[in-house]
Structures are given as structure tokens and as C-alpha cells.
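One letter stands for each residue in the lines below.
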Amino acid sequence: MALGFIKKVFTFGKEKPAQTAPDAVEDKASASELEAGVLTSGASDDLLADLPLADDPVLAEEMDTAGGPSPDLVSGEAETDASEPAIADAADLDMVPLELLKAEEAVEQDDVVEHAGSVDAPAPTFHENPVQPADVSQGVISDAADSSETRAPIALPKGFATAENVPAQPVAAAPQVKQTWFQRLTAGLFRTSSQLTGQIAALFTKRKLDDETLEELEDLLIQADLGVETALRVTDTLASERYGKDVTGEDVTKIMAAEIVKVLKPVAKPLALDLSHKPHVILVVGVNGTGKTTTIGKLAAKLSGSGLKVMLAAGDTFRAAAIEQLKIWADRTGSTFLGTKLGADAAGLAYEAFEKARADKADVLIVDTAGRLQNKAELMAELEKIVRVLGKLDPDAPHTVLQTLDATTGQNALQQVEIFRNVAGVNGLIMTKLDGTARGGILVAIAAKHKLPVYFIGVGEGIDDLEPFEAEDFASAIAGIAR
């Protein structure tokens, strides 16, 4: 009987599921029956004394539902409850033979096989690795998925569509509005215009036009780099029309714009090319940093784009970057490039370029030169040498001598034009870097003093940022007047 008690405590074979609180009550009753059965069968006191005592496993729920634990039994005393018969053998201990458990497990497996066969599908395959999922594609679950895939399509009423049938709407890209040339010119001269017009408006706020006001306006225009001649023209016109009357800043800017047009109109000319001379030689000169090489590239783009055959000669032999930059522009514009080693004689390169352009029947030859300071006599002498060499090949060469001017230099540009004009025979100007400067009025002063043609002006680094000079556009942009 003691062996049966041990088997009851340490179960063998198939494990039972975890018990709930009510099941614990039933186990408590079974334990009471077991204890009573042991005592009834005549177990000795020594056997009970040898058994280890465990803590009382009674839960609070069991105390409420089962009426508390059974009373302790005195040695040799048996329970007198007639409703609970004494345990006579192992069958009363709810012990199931091992053979019976194996037989029940075999029957359960047969039931699973029969159930799988009833749906005409193979039994699901379970992997040995418990982490991996079972191959449900061979079981009943896969069969259910197949049945949903073969489902007939639903016919939706008119005006409806399934998500997969709705065509994806392309996202329309925001249209890029290209600015006109006048808009870009106005943006480039914004600092010059805003500073000038702001000072004029502050000067003519509720004030009559008198001598003192005219004198202040003249000083203001000179400080804006418009030049003395242009300042006098504006004040004289204003005095003849509005002296002694109330004048607003808008009235002054309109008169100023009209006078600027009068100064710039005679110098706003197109660059004339004599294509009877092949090649027509354009020599580009200027101080360091005025944008000569970039300007040459933009001119080549315009000329080659119109179908002319253009050759570029890298005459700035003092800077390796200038040679490389000009070669890039030649490749970009489809022009022929001719260069030499660093430090070579620029006059010799000009001679070689002219001979090659004549042999290739090029329409235009543009020669770059090194940036030279106008106050360095020896550097300016090298420029004179280039002009003499070209003149020996063609008495009229160079046919056009362009000087690039940096608008940010202000009054220094006046001196630069005078020196280069005497040395290289400059006969045309290109004003660059008008964007972002507050000194764009210097072009008016140069035009008024030197009367040289202004062919192009630039407001940026792009090819389209170099455009022919228009007097009306420039005057309106510098005066802040919309067109």
C-alpha cells in the first residue's frame, strides 16, 4: 500500500494538465481517502513517522469552498464517515495501468488520421525543430486558403472599384516657371535699386523742391556711382520741371530712369562681326577676377549655337586652372580648343591660333589673355605684344577688343577702362557680376565718360545669364520701375 501511495505522489506516463482550484479540492478529498485507506489497512505508526511532512497546500479558495482541511487523524483511529468507503486496492487510488495509457494514445492518433482522411488532405507535417512553424501548406489550413483564392470575383455595382483596380494617379510635378531676362536683371540689381530708391524716398518725404534738396539729391546720385554727369542731368531736369513744387520719391525715380536711358541709349549696340575676315578675331582683356574665361565660354555658346565655327585659344598661360576651364567650355560648346604649356609665350600662342583658325576656316577666333593689373607697366607691355603679333598677320586684327568689367569694383572700373583702352585699343565692354552688388550704377558713369559700346551684361554664372545690353531694361531695373 505504501508503494501505491508513492506512485500516486510521483505520477508516471502521460502528464495531466494543470489543475484549477476546484480540481485541487478534489485532490484534497482523494488525499484524505488515501490517508484513510492506509490507516484502515493496518499501516504501522513507524511508516507514517518515516514519511516527510509537507507544508499544508490548502488555498484560501479551498477553505471557502471545501469547508477547510480535514481534521488530523490520531494513530490507530479511522474515519467514521460512511459515505466514503475504505480503499481496498490500487484500483480505488485512481491509478491507470501503463498499458491502458498507451492504448488510449494509439486510439487518439487513429482518430486524427481518420479525421484528416475525411477531408481528403494529407496530415500536416510538423518539424523536429519546435521553433520552426509547421508546413501548413500540406494541411487543412492550406486547403482553406486555396478555396479563398479560387473564389469567384465579386461584381461591384457601377461607380465602385476594388483597390487593386484603381489606377495610381501620377503626382504632377510643380511646373518650373522660367524667369524672363528683365526679371533676372531686376533681381540682380535689387540691392542697387533698393538702396537708391530708399534714399530718394526718404529725401522727398513731404518736402518741396528747393536748392538744398537738389544739392542733397546730387550728392546721393554721385554716391550711388551714377557719376557726376548723370547726377547733374537728373537734377537739372528735375529743377526745370518741378522746382518749388511738392515732389515725391516716385516722381524723382521716373525722371532719373528717363535720364539714364538718354545716357545709355547711344552705347547699347550689338557686337558686329565682320565675317569677311576669316577668322574674325576677338581679344578679351581685363583685370584678374572680372570673369574673362567664363564670358568667353558664354560667347562661344551663343556663336556656335547659331552655326558659326568657333575656336578658343587659351592665352592665359599663367594659370593652369584658366587653361583647363577654357577647354571645358570648348568641349561643352563644340568649339575647337588650342592651348599650350604653362608659362609659354602668350603672343606665340596667339600667332599659332590665328594660323590654325585660318587653315580650318573658322569663323570666329576668341583669344583669352591673362589678367593684368592696369598699374603694372611690364604686364601691360605683354598685352601690347599680343596686339602687335596679331596685327602682323592681319592689319585689322584684332577686329574686336572686349574688356570685361566687374560691377563690384565701383569707381576703379573707370580707371581700368582708360588704361586698357590706351594699351590694347578696347572698343567694347561687357559688364559682369551685376547680381548681388549695390554698385551697378557704375555702368552709367562709364558710359557717360568713355562712350564705349556696351555689348553684353551678366547677372550670373549660367549660359543664359549673359544677354545683350538694353538701355531701357537697365534703367528701369536700377530705378525699381516695373515694366
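Please refer to the structure placed before this passage.
Figured I'd write up the structure that's included with this text. Worth saying up front: this structure is predicted, and the values here are computed from it rather than measured. (Residues numbered from 1 in each chain as written. Predicted model: local features only at pLDDT ≥ 70, side-chain atom pairs only at ≥ 80, totals over all residues. Heavy atoms only, no water.)

## Some words on the overall build of the protein chain
Along its length, the protein chain carries 18 helices and 10 strands. Put simply, the protein chain has 483 residues, and 37% of those count as buried. Contacts spanning at least 24 positions in sequence make up 76% of the contacts within the protein chain whose residues lie at least 6 apart. Of the roughly 28,000 Å² of accessible surface on the protein chain, 55% is carried by carbon and sulfur atoms. (Helix = DSSP H or I, 4+ residues; strand = E, 2+ residues; numbered from the N terminus. Buried < 20%, exposed > 50% of the residue type's maximum accessible area, 1.4 Å probe, protein only. Contact = heavy atoms within 4.5 Å. Areas by Shrake-Rupley, 256 points an atom, 1.4 Å probe, with all protein chains shown as cover.)

## Quick notes on unusual backbone geometry
With an omega dihedral of 5°, the bond running from Lys-278 to Pro-279 counts as a cis peptide bond. Along the polypeptide, Pro-279 turns up in the loop between α11 (249-264) and β3 (280-285). A positive phi angle, near 55°, is found at Lys-361, a position not held by glycine. One can find Lys-361 in the loop between α14 (346-359) and β6 (364-367).

## Description of the environment of Ala-258
Relative to the helices and strands, Ala-258 resides in helix α11. On the basis of relative accessible area, Ala-258 is assigned to the partly exposed category, the value being 37%. Separated by 217 residues in sequence, Ala-258 and Ala-475 have C-alpha atoms that sit 7.5 Å apart.

## Section: the pattern of salt bridges
Per the stated rule, a full pass over the model turns up 14 salt bridges. Here Arg-233 makes a salt bridge to Glu-259, at a shortest N to O gap of 3.5 Å. Placement of the pair is Arg-233 in helix α10 (residues 228-242) and Glu-259 in helix α11, with a sequence separation of 26 residues. Residue classification places Arg-233 among the partly exposed residues on the basis of a relative accessible area of 29%. On the accessibility criterion, Glu-259 (4% relative accessible area) is buried. For Lys-327, the salt bridge is made with Asp-331, and the minimal N-O distance between the two is 3.4 Å. Placement of both Lys-327 and Asp-331 in helix α13 (residues 320-333) is noted, with a separation of four residues, approximately one turn of the helix. When its relative accessible area of 54% is taken as the criterion, Asp-331 is described as exposed. What emerges from the salt-bridge pattern is a single network uniting Arg-233, Glu-259 and Lys-262. (Salt bridge = Lys/Arg side-chain N within 4 Å of Asp/Glu carboxyl O.)

## Some details on α11
Taking 1.5 Å as the rise per residue, α11 with 16 residues should run 22 Å; its terminal C-alpha atoms sit 22 Å apart, in good agreement. Among all positions of α11, only Gly-249, Val-252, Thr-253, Ile-255, Met-256, Ala-257, Glu-259, Ile-260, Val-263 and Leu-264 are buried. Buried residues belonging to α11 abut α8 (190-203), α9 (211-223), α10, β2 (246-247), α17 (442-450) and α18 (471-479). (Expected span 1.5 Å × (residues − 1).)

## Remarks on the packing of α11 against α17
Relative orientation and spacing of two packed helices are given, respectively, by the angle between their axes and the distance between those axes. Where α11 contacts α17, the axes come no closer than 9 Å and their chain directions differ by 45°. The orientation of α11 with respect to α17, classified from their angle, is oblique. Handedness of the crossing formed by α11 with α17: left-handed. Contacts from Ile-260, Val-263 and Leu-264 of α11 reach α17 at Leu-443, Val-444, Ala-447 and Ala-448. Residue composition of the contact of α11 with α17, grouped by class: seven nonpolar, no polar and no charged. (Axes fitted to C-alpha atoms, helices over the stretch in contact; angles between N-to-C directions. Parallel < 35°, antiparallel > 145°, perpendicular 65-115°, else oblique. Left-handed = near helix turned anticlockwise from the far one by under 90°. Nonpolar A, V, L, I, M, F, W, Y, C, P; charged D, E, K, R; others polar.)

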